[in-house]
Amino acid sequence: VPGSGLEKMALANEGAGRAVQLLGDTDFVTVLVVDSEPHEVTPLVPVGPNRAEIEDAVRRQQSMGGGIFVYNGLQAAWEQLQNAPVGQRHVILFSDAADSEQPDAYVNLLAEMAAAKTTVSVIGLGTEQDADADFLKDIAQRGGGRIFFNQDANELPALFAQETVIVAR
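Residues numbered from 1 in each chain as written. Predicted model: local features only at pLDDT ≥ 70, side-chain atom pairs only at ≥ 80, totals over all residues. Heavy atoms only, no water.

### Some thoughts on the pairing of strand β6 (residues 118–125)
Then, number 1: Counted residue by residue, β6 has 7 buried out of 8 residues, so it is predominantly covered.
Then, number 2: The pairing of strand β4 (residues 89–96) with β6 spans 8 bridges and is classified as parallel. Each bridged residue has a counterpart across the sheet, and for I92 the counterpart in β6 is S121.
Then, number 3: Pairing of β6 with strand β7 (residues 144–150), which is carried by 5 bridges, proceeds in the parallel orientation. Pairing of I123 across the sheet is with F148, part of β7.
Then, number 4: Crossover connection from β6 via helix α5 (residues 133–142) to parallel β7: handedness right-handed. (Buried < 20%, exposed > 50% of the residue type's maximum accessible area, 1.4 Å probe, protein only. Helix = DSSP H or I, 4+ residues; strand = E, 2+ residues; numbered from the N terminus. Pairing = 2+ DSSP bridges. Right-handed = clockwise from strand over helix to strand, strands pointing away.)

### Here we look at the environment of T119
Then, number 1: Along the chain, T119 turns up in strand β6.
Then, number 2: The class for T119 is partly exposed, based on a relative accessible area of 25%.
Then, number 3: T119 sits 90 residues away from V29 along the chain, and the two C-alpha atoms are 14 Å apart.
Then, number 4: Not counting residues within four places of it along the chain, the set of residues in contact with T119 comprises R89, H90, V91, G143 and G144. (Contact = heavy atoms within 4.5 Å.)

### Examining the packing of aromatic side chains
Then, number 1: Applying the stated criterion across every chain, the model contains 2 aromatic pairs.
Then, number 2: The interplanar angle of 55° and the centroid separation of 5.8 Å between the aromatic rings of F94 and F160 together place this pair among those described as tilted. Taken as a pair, F94 in strand β4 and F160 in helix α6 (residues 156–168) lie far apart in primary sequence, 66 residues in all.
Then, number 3: Plain terms: the ring middles of Y106 and F135 are 5.0 Å apart, the flat faces sit at 80° to each other, and that makes the pair edge-to-face. You can see Y106 sitting in helix α4 (residues 106–115) and its partner F135 sitting in helix α5, a full 29 residues away along the chain.
Then, number 4: Given the relative accessible area of 12%, Y106 is considered buried.
Then, number 5: The exposure class of F135 is buried, given its relative accessible area of 12%. (Phe/Tyr/Trp six-rings, centres within 6.5 Å; stacked < 30°, edge-to-face > 60°.)

This is how it looks when you write it as structure tokens:
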């Protein structure tokens, strides 16, 4: 069904799959799906020997419905990344600009991440006028990353790829 939550999730899955394709063999990746709680799709692993399994796993995710508890997702990502054996750490947060809940202590969490040279970019499904757009903009600003808003879910795979290429440089 065009525009349905299922289609949006499938397109986000494809975007995550493309991002994994663009990572180098020595890069590490972790993927989490978040509704009220984070669900680990893949733990932090090197891409090279795990690429096919990671791509398969991210492309099979299904929407659980409900809001997106952003703080829980960011906290889970940080728990995975803070001890990662890599020089650059970056989080791509994909969230609905009209359904991003639970700010909690995100300001403190992002400050901790920034102090450890970890950046956060946001892909917001929707527009800058949506109810949670300012929250998502603030996350990207405090996270030292970029923010993208897009109403067309068909463009999600390209946005994930674009952000991955920018960070990989």
